Amino acid sequence: MDSRPLLISNATVFDATGGPARPNTSILIEEGRIAAVTPAAGQGTHEGATLIDGTGKFVIPGLIDMHVHVELSGGEDALPAWLGTGVTSVRDVGGAPANLIPLRDAINAGTKTGPRVFTYGPLLDGTPPIFGAAAGALAPRGGIDPGSLTWTIADAATAEQAVDELIARGVDGFKLYAGLRPDLVRAFLERIDGRLPVTGHLSRTWASEAIEMGINCLEHVHATIYQDVVPPEFRHPREEGNGFIPNYWTWLNTGWANADLGADYVKRFVELLVSRGVALSPTTVLITGGMATREALDEPGLKYTPRGLTQRRAAQMEQARRLREEAEKAGRPLPPPMALEGADAEMGQRARAKQLEFLRMVYEAGGTVVPSTDVGAAPNQVPGFSLHRELALFAEAGIPNAAVIELATRHAARVLRKDDELGTLAPGKRADLLLLTKDPLADIHNTRAIETVVKDGVAYAPQPLLERAVAGG
Ligand SMILES: [Zn+2]
């Protein structure tokens, strides 16, 4: 790593600490950390420092994607795509520990180039698990298996063993999954006992139940909180949720399209979320990629889909085609169509509007909503670019641009419990930042106008990184 000091002079700096952007400001970076943020007039000369002229440009902290699957995004091929789009940290909420922990450590040691990875271990699922054998990479191989992306946990004793094993391996947090019933969610939270943050994509356990038990974060605005937010007549029996309802997207869209966000039970749920300090990682882009609203397909960055992700998607399509062909020949009922097929566009749009309205409600109530994408698992998403789409959706929901950037930086770092190191441009913090050619506070889409990405004090030009992701290796 280049340990030469770096001086970005005379830029407009939005440090994400809560104050306004500061014009004519310089940032000195030494040993991978921010050494000083000062008015450009008093910056002085720094012998030997690499100089970047920030005149007319804008600096914000590096962005954090709070919901990715590194392995499913193409693994190492995806790393340069994140860095090239200004995503300097990712939270992996479902990956095989045997793969993800060594990768995280190699990046931190500087032997591999990529975003900082915070690994929350495998999907800790119940029985029966949400994904069956047809799920390919997601299919569980049994209970505790460091090489598997999903672990199925049958009882409290195994939950405790899983916690101990993952803490010993050095995970950064935990991800509880949709097949867990309340007794096992409780067993996990009691064993973890606040030592590491816990997030959940839940279905058999209601979000409100998990909040009462002490969970720290909830994934997916459309799914995990569904039971608490949609009208009672649209809720599903505890056992028949995620993974067990045919045409699950249609089901979710219908419930959300008919949501009454002024209802008392919705207000009480938002109050509970906010008063317990539980963050919502909404993966808002999923409602445009996974629902009938197919905006994700218009993403210009799709051409930078990492090689490994392109290959995995092609293999998935081929597998789905083969399964249907075999079923047809044998006269068996055809397997359910892909999530995108058959979804009602009008219903999808109504659901989309309600979900954005819900995000604004949580934000305005003082809650924490952290941008996230589910890239790797979600249809049509592409590493990095999808996070910029997510930021735009937050702005569309009515969250001010400055707050959107703070949610993707300072607040995300706090939810990761890494706010002593990351998330703002303050002296002593790790030097993760973006130099933009356009003002992101004027228009959130300008977070894409990245001239230079700095991670750990090392400067990168985006374009070669994006090209490396496509080429792979
Ligand atoms: Zn996911």
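On a predicted model such as this, the values are computed, not experimentally measured, just so you know. Think of each chain on its own: its residues are numbered from 1, step by step along the sequence as written. Local features in this predicted model are restricted to residues of pLDDT 70 or higher, and side-chain atom pairs are both shown and tallied only at a pLDDT of 80 or more, whereas totals for entire chains, interfaces and linings draw on every residue. For side-chain calculations, the full set of non-hydrogen atoms in the structure is used, while hydrogens and water are omitted.

Counting from the N terminus, the helices are the DSSP runs of H or I reaching at least four residues and the strands are the DSSP runs of E reaching at least two. Scanning the chain from terminus to terminus reveals 15 helices and 17 strands. Projected onto the principal axes, the alpha-carbon positions of the chain cover approximately 75 × 50 × 45 Å. Exposure categories follow from relative accessible area, calculated using a 1.4 Å probe and restricted to protein chains: below 20% of the type maximum is buried, above 50% is exposed, and the middle band is partly exposed. Relative to its full complement of 473 residues, the chain shows a buried share of 56%. Contacts spanning at least 24 positions in sequence make up 73% of the contacts within the chain whose residues lie at least 6 apart. With the model as given, the accessible surface of the chain reaches about 17800 Å², and the carbon-plus-sulfur share is 52%. When checking whether two residues touch, look at their non-hydrogen atoms; a contact exists if any pair is within 4.5 Å. Areas reported here follow the Shrake-Rupley algorithm with a probe of radius 1.4 Å; residue values treat only the protein chains shown as occluding.

With that settled, consider the side chain of D228. Inspection of the secondary structure assignment puts D228 in helix α7 (residues 226–229). Despite its burial, D228 remains without a salt bridge, the nearest opposite charge being carried by R235 at 6.5 Å. Discounting residues that sit within four places of it in the chain, D228 has contacts with W206, A207, S208, R235, Y265 and F269. Positive charges come from Lys and Arg, negative ones from Asp and Glu, while His and the chain ends are left out of the count. The salt bridge criterion pairs a side-chain nitrogen of Lys or Arg with a carboxyl oxygen of Asp or Glu, the two atoms within 4 Å.

The next subject is the pattern of salt bridges. Once the charged atoms of two side chains with opposite charge are near each other, the side chains can pair. Counted by the stated rule, this structure contains 28 salt bridges. The partner of R104 in a salt bridge is D172, and the shortest N-O contact between them spans 3.0 Å. Here R104, found in helix α2 (residues 97–109), pairs with D172, found in the loop between α3 (156–169) and β11 (174–176); they are 68 residues apart in sequence, far enough to count as distant. Relative accessible area serves as the criterion here: at 10%, R104 is assigned to the buried category. Through salt bridges with shared partners, one network takes in R33, R116, E421, R430, D432, K455 and D456.

What follows is about the sheet that holds strand β8 (residues 116–119). Whether parallel or antiparallel, the strands of a sheet pair through hydrogen bonds between backbone atoms. Here the rule is simple: two strands pair whenever DSSP picks up at least two bridges between them. Pairing in this open sheet of three strands is parallel, and the strands run β6-β7-β8 from one edge to the other. Two strands in the sheet have a free side with no partner beyond their single neighbour: β6 (63–68) and β8. Averaged over all pairs of adjacent strands, the angle between strand axes in this sheet comes to 20°, irrespective of strand direction. Pairing analysis gives four bridges linking strand β7 (residues 87–92) to β8, with the strands arranged parallel. Its bridge partner lying in β8, R91 is registered against F118. In this analysis an axis means a line fitted to C-alpha atoms, helices contributing only their contacting stretch, and an angle means the value between N-to-C directions, from 0 to 180 degrees.

We now examine the side chain of T368. The residue T368 is located in the loop between α12 (345–364) and α13 (385–397) in this model. Judged by relative accessible area, T368 falls into the buried class, the value being 13%. A polar atom in the side chain of T368 sits 3.1 Å from the side chain of R414. When neighbours within four sequence positions are excluded, T368 is seen to be in contact with V278, A279, L280, V362, H411, R414 and V415. We call two N or O atoms a polar contact when they sit within 3.5 Å, provided that within protein one can donate a hydrogen and the other can accept it, with sequence-adjacent residues counted only if both atoms are side-chain atoms.

Next up on the list: the pairing of strand β5 (residues 58–61). In β5, alternate side chains face the same way, and those of F58 and I60 on one face and V59 and P61 on the other are all buried. Bridging between strand β1 (residues 6–13) and β5 involves two bridges; their strand directions are parallel. Bridging across to β5, T12 finds its partner in F58. Relative to strand β15 (residues 433–436), β5 runs antiparallel, the two sharing four bridges. Of the residues in β15, the one forming a bridge with V59 is L435.

A 2.8 Å cut-off from the metal defines N, O and S donors, relaxed to 3.2 Å for Na, K and Ca; water is not in the atom list, so some sites may appear incomplete. Within the protein, H67 (NE2), H69 (NE2) and D374 (OD) serve as the donor atoms for the zinc ion, at 2.1 Å. Sequence spacing of the donor residues for the zinc ion, all on one chain, is H-x1-H-x304-D. The exposure class of H67 is buried, given its relative accessible area of 1%. A residue is classified by how much of its surface remains accessible, and H69, at 4% relative accessible area, is buried.

Attention shifts here to helix α11 (residues 307–330). One less than the number of residues in a helix, times 1.5 Å, gives the span that helix is expected to have. Under the 1.5 Å per step criterion, the end-to-end length of α11 is 35 Å for 24 residues, consistent within 8% with the ideal 34 Å. Of all the residues in α11, the buried ones are G308, L309 and A327.

What follows deals with the nonpolar core. Core analysis: the largest hydrophobic core is formed by 95 residues, its most contacted members being F188, L218, I225, W256 and F358. In this structure, I225 is in contact with A207, L218, H220, W256, F269, L280 and F358, ignoring residues within four places of it in sequence. By nonpolar core is meant a set of buried Ala, Val, Leu, Ile, Met, Phe, Trp, Tyr and Cys residues that side-chain atoms within 4.5 Å join together. With 15 residues, the next largest nonpolar core counts A11, I29, I34 and L435 among its residues.

Pairs of packed helices are described in terms of their axes, by the angle between the two and the distance that separates them. Axis separation between helix α9 (residues 264–275) and α12 bottoms out at 10 Å; the angle between their running directions is 50°. By the angle between their axes, α9 is oblique relative to α12. Regarding α9 and α12, the two cross each other, and that crossing is right-handed. Residue-level contacts link V266, F269, V270, L273 and V274 of α9 to F358, M361 and V362 of α12. Roughly parallel covers angles under 35 degrees, roughly antiparallel covers those over 145, roughly perpendicular covers 65 to 115, and oblique covers all other angles. Handedness of a crossing follows from how the near helix is turned relative to the far one, being left-handed for an anticlockwise turn of less than a right angle and right-handed for a clockwise one.

With that settled, the discussion passes to the sheet that holds strand β14 (residues 279–281). Read from one edge of the open sheet, six strands run β10-β9-β11-β12-β13-β14, paired in parallel fashion. Two strands lie at the open edges of the sheet, namely β10 (150–152) and β14, each paired on one side alone. Taken over all neighbouring pairs, the strand axes of this sheet differ in orientation by 30° on average, direction set aside. When strand β12 (residues 198–200) meets strand β13 (residues 217–219), the two strands line up parallel, connected through two bridges. By the bridge assignment, T199 is partnered in β13 with C217.

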